[in-house]
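# Chains, contacts and geometry: an overview
Here are the chains, one letter per residue:
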Amino acid sequence: MELQLALDLVNIPEAKKLVKEVEEYVDIVEIGTPVIINEGLRAVKEIKQEFPHLKVLADLKIMDAAAYEVMKASEAGADIITILGVAEDLSIKGAVEEAKKQGKKILVDMIGVKNLEERAKEVDEFGVDYICVHTGYDLQAVGKNSLEDLATIKRVVKNAKTAIAGGIKLNTLPEVIKAKPDLIIVGGGITGQEDKRAVAAEMKKMIQQGE
Ligand SMILES: O=C(CO)[C@H](O)[C@H](O)COP(=O)(O)O
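Parameters and conventions
- Residues numbered from 1 in each chain as written.
- Predicted model: local features only at pLDDT ≥ 70, side-chain atom pairs only at ≥ 80, totals over all residues.
- Heavy atoms only, no water.
- Pairing = 2+ DSSP bridges.
- Helix = DSSP H or I, 4+ residues; strand = E, 2+ residues; numbered from the N terminus.
- Axes fitted to C-alpha atoms, helices over the stretch in contact; angles between N-to-C directions.
- Buried < 20%, exposed > 50% of the residue type's maximum accessible area, 1.4 Å probe, protein only.
- Arc of directions from axis to C-beta.
- Contact = heavy atoms within 4.5 Å.
- Near = heavy atom within 4 Å.
- Polar contact = N/O pair within 3.5 Å; in protein donor to acceptor, adjacent residues only side chain to side chain.
- Areas by Shrake-Rupley, 256 points an atom, 1.4 Å probe, with all protein chains shown as cover.
- Core = buried A, V, L, I, M, F, W, Y, C linked by side-chain atoms within 4.5 Å.
- pLDDT = per-residue confidence, 0-100.
- Salt bridge = Lys/Arg side-chain N within 4 Å of Asp/Glu carboxyl O.

Here the focus is the sheet that holds strand 8 (residues 183-186). Taken together, 8 strands build a closed barrel; the order of strands is 1-2-3-4-5-6-7-8 and the barrel is parallel. Ignoring strand direction, the axes of neighbouring strands in this sheet form an average angle of 25°. Examined bridge by bridge, strand 3 (residues 55-62) and strand 4 (residues 80-84) share 3 bridges and lie parallel to one another. Within strand 4, the position partnered with Ile62 by the bridge is Ile83.

Shown next as structure tokens:
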């Protein structure tokens, strides 16, 4: 199981400072959608340059023009690029094809997908690398989480790795670990804490013990 740190509400200098604090304990650094909207792919480039030993995920949540956007994120140094599960089949296939050309990986974010089981089976056949269940901020606010959705995709996904995101905190991590996703994505559960380094270290330890 890998741990991904999601950076959503920071600028580039804040992102660098945060990664420095926890770099020993995370496998992947996500440059979140709000950061890319504010700072552009420069954020991906600068984090990859400063932390070349970490994998960097560009959370573009691609919906269209997939091959082009995957190419641009790859040029900026992203190792993994996200596309939405609700995107057209052709877009997801185009993203996979371009990522393969560039030696990069594709994570499909299933946020907002209504027919989760059926769509997970379909995107799994397209050769994507990760399929991620995700409760976004707006649904977190009304008490939702992604554990049931993780169980659903774990039943049907045969090729891709599974991932989970959305509101995971130290106190909810044990039940996430028990569900055995390949990738656990944590944003505010680390970035919103006083002692980020201690929380990230504890999360990493719990994940290693759960393997
Ligand atoms: O992609 C995202 C929001 O769209 C976040 O990066 C993801 O939900 C993880 O952050 P948090 O743990 O704070 O929910």
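Let us keep going from here.
Time to look at helix 3 (residues 42-50). Of all the positions in helix 3, only Ala43, Val44, Ile47 and Lys48 are classed as buried. The buried side chains of helix 3 occupy one side of the element, clustering within an arc of 125° when seen end-on. Contacts made by the buried residues of helix 3 are with helix 1 (12-22), strand 2 (28-31), helix 2 (33-39), strand 3 and helix 4 (66-76).

Near the ligand, the surroundings consist of 13 residues, among which Asp8, His134, Gly167, Gly187 and Gly188 are the closest. At 3.0 Å, a side-chain N or O of Lys61 approaches an oxygen atom of the ligand. A distance of 3.5 Å separates an oxygen atom of the ligand from a polar side-chain atom of Tyr137. Within the complex, the protein chains bury 92% of what would otherwise be the 370 Å² of accessible surface of the ligand.

Counting residues in each nonpolar core, the largest one holds 66 residues, and the members touching the most others are Ile31, Ile83, Ile106, Val128, Leu173 and Ile184. If sequence neighbours within four positions are ignored, Val128 has contacts with Ile92, Val96, Ile106, Val108, Val123 and Ala160. Among the nonpolar cores identified, the runner-up in size contains 11 residues, and Tyr130, Cys132, Ala165 and Ile185 belong to it.

Next up on the list: the confidence of the model for the chain. Low pLDDT means the predicted atomic positions in that stretch should not be read closely. Predicted confidence across the chain gives a mean pLDDT of 97, with 100% of residues reaching 70 or more. Here the complex is predicted with pTM 0.97, and the ipTM for its interfaces comes to 0.97.

A few words on the pattern of salt bridges. As enumerated under the stated definition, the model contains 16 salt bridges in all. One salt bridge in this structure joins Glu39 and Arg42, with 3.2 Å as the shortest N-O distance. Under the relative-accessibility criterion, Arg42 is labelled partly exposed at 45%. Each of the salt bridges in this network shares a partner with another, and the network as a whole consists of Lys16, Lys20, Glu39, Arg42, Glu46 and Glu50.

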